[in-house]
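# A closer look at the structure
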Amino acid sequence: MAENVMNPGTFVNPPFGRLLTAMVTPFAQDGSVDEKQVAHLAEYLIDNGHDGLIVCGTTGEYSTMTDDENERVFAIVKEAVGDRASIVAGVGSNDTAHTIELARRAEKVGVDGLLVVTPYYNKPTQHGVYAHFSTVAKATSTPIMLYDIPGRASIPIAPDTYRRLAELDNIVAVKDAKADFGAATDVMATTDLHYYSGDDGLTLPWMAVGAVGLVSVTAHVAPMLFRELIDAVVAQDLVSAQRINLQLVPIVNATMGRAPGAVAAKEILAWQGVLGTPVVRLPHVLSEPEVAEAIREDLLSSTIAQTLKNA
């Protein structure tokens, strides 16, 4: 852990940039990885305000992909984006040895960071959580972003566990999707970990308490609004940040409130003409007609209605 803690996190230089999207993985009609669309989407996002991409995370449907497919997508995105943005590879699983294997594959590709989720389903103790993350960290030199999401993992990362993990040089950031602002503020006050909002609709309050930015799903479909929101906070322009935050409400509802984020994001990207197909892999399925209609209604009431070419 660095000596200089209690940084005003919102205003420091973050390790992976401020606006990152947990990128969907485009699939062809037959369900295979659409390599051309993967590269196209990565370039599109970077050309539209992004500082970095999370590749093969939850929204990227990594758990339905083989290790070879994950590694190939890491490489395609790295080749497409080059040094224009940070590439953070999703390598988490509930098997520590498997996580290390994916981390080493990602490191071989030359990614800038690793996203490692709390071991899900197994429900380890906090000692087990520490052992999992620290073992992965010691097996690689690549910077690590911890992913704290009790809604999927069923357990949180406790503040004391964060403090122990922060002592490891290459554990540098947190994607927080549990919205416990008190616990997070405690950790930010006593470590040098950089926090990223893991909840699209809570970006403004997260940055208000010291987060450096956002790992988003909704930023697929409204990238410049999120860019403007983050820039307004950094510029200490609260009035503009509040205005943009309210504009984002129906867009966040459309992307995150009606269907799984991977499903909704792909459908909206197809309506916007960014993706050619919204194909997902089982157990995901495309939205039922009434759900798709509700998503469209949310978007048509928003400031990005004009982007919907095929809705």
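A quick note: this is a predicted structure, and the numbers were derived from the prediction, not measured.

### As for the environment of Glu 297
Following the sequence through the fold, Glu 297 ends up in helix α12 (residues 289-300). When its relative accessible area of 48% is taken as the criterion, Glu 297 is described as partly exposed. In the structure, Glu 297 is positioned 78 residues away from Ala 219 in sequence and 18 Å away in space, judged by C-alpha atoms.

### So, the pairing of strand β4 (residues 113-117)
Judged by how many residues are buried, β4 sits mostly within the fold: five of five residues are covered. Where burial is concerned, the two faces of β4 agree: the one with Gly 113, Leu 115 and Val 117 and the one with Leu 114 and Val 116 are both buried. Where strand β3 (residues 86-90) meets β4, three bridges bridge the pair, whose relative direction is parallel. When the sheet's bridge partners are listed, Ala 89 is paired in β4 with Leu 114. Handedness of the crossover joining β3 and β4 through helix α3 (residues 96-109): right-handed.

### Considerations on the UniProt feature "binding site: pyruvate" (unreviewed entry) in the protein chain
In this structure's numbering, the residues bearing the UniProt feature "binding site: pyruvate" (unreviewed entry) are Thr 59 and Val 215. Their sequence span is 157 residues, while the largest C-alpha to C-alpha distance among them is just 11.0 Å; these annotated residues converge on one region. As for the annotated residues named above, the ones lining the largest pocket are Thr 59 and Val 215. Relative to the helices and strands, Thr 59 is located in the loop between β2 (52-55) and α2 (67-81).

### A closer look at the side chain of Gln 37
Looking at the secondary structure, you find Gln 37 in helix α1 (residues 35-47). Overall, Gln 37 belongs to the buried group, its relative accessible area being 18%. Setting aside residues up to four positions removed in sequence, Gln 37 forms contacts with Pro 26, Val 274, Leu 275 and Gly 276.

### A short note on the environment of Leu 102
Mapped onto the elements, Leu 102 comes out in helix α3. Spatially, the C-alpha atoms of Leu 102 and Thr 161 are 23 Å apart, while their sequence positions differ by 59 residues. Sequence-distant contacts of Leu 102, that is, excluding residues within four places in its chain, are made with Asp 67, Asn 70, Phe 74 and Val 91.

### Examining the UniProt feature "site: Part of a proton relay during catalysis" (unreviewed entry) in the protein chain
The UniProt entry lists Thr 58 and Tyr 121 under the feature "site: Part of a proton relay during catalysis" (unreviewed entry), expressed in the numbering used here. None of the other annotated residues line the largest pocket; only Thr 58 do. In this structure, Thr 58 sits in the loop between β2 and α2. Those residues in contact with Thr 58 that lie beyond four places of it in its chain are Tyr 147 and Arg 152. The topology assignment puts Tyr 121 in the loop between β4 and α4 (126-138). Owing to a relative accessible area of 73%, Tyr 121 belongs among the exposed residues under this scheme. Contact partners of Tyr 121, with chain neighbours within four places excluded, come to Asn 94 and Ala 153.

### Description of unusual backbone geometry
Omega for the peptide link from Leu 282 to Pro 283 comes to 15°, which places this bond in the cis form. Along the chain, the position of Pro 283 falls in the loop between α11 (261-271) and α12. One non-glycine residue, Glu 61, adopts positive backbone phi at about 60°. Structurally, the position occupied by Glu 61 is in the loop between β2 and α2. One non-glycine residue, Lys 123, adopts positive backbone phi at about 55°. Among the structural elements, Lys 123 can be located in the loop between β4 and α4.

### Comments concerning the packing of helix α10 (residues 238-256) against α11
At a minimum axis separation of 7 Å, α10 and α11 run at an interaxial angle of 115°. In this view, α10 runs roughly perpendicular relative to α11, as classed from their interaxial angle. Counted together, Ala 254, Thr 255 and Met 256 of α10 and Gly 261, Ala 264, Ala 265 and Ile 268 of α11 form the full contact between these two elements. Across the contact of α10 with α11, the residue classes break down as five nonpolar, two polar and no charged.

Parameters at a glance
Residues numbered from 1 in each chain as written. Predicted model: local features only at pLDDT ≥ 70, side-chain atom pairs only at ≥ 80, totals over all residues. Heavy atoms only, no water. Helix = DSSP H or I, 4+ residues; strand = E, 2+ residues; numbered from the N terminus. Buried < 20%, exposed > 50% of the residue type's maximum accessible area, 1.4 Å probe, protein only. Pairing = 2+ DSSP bridges. Right-handed = clockwise from strand over helix to strand, strands pointing away. UniProt positions renumbered as here; feature names shortened; annotations may be inferred. 1 Å grid on protein atoms, 1.4 Å probe; cavity = no way out; pocket = protein on both sides within 12 Å on 5 of 7 lines; lining within 4 Å. Contact = heavy atoms within 4.5 Å. Axes fitted to C-alpha atoms, helices over the stretch in contact; angles between N-to-C directions. Parallel < 35°, antiparallel > 145°, perpendicular 65-115°, else oblique. Nonpolar A, V, L, I, M, F, W, Y, C, P; charged D, E, K, R; others polar.

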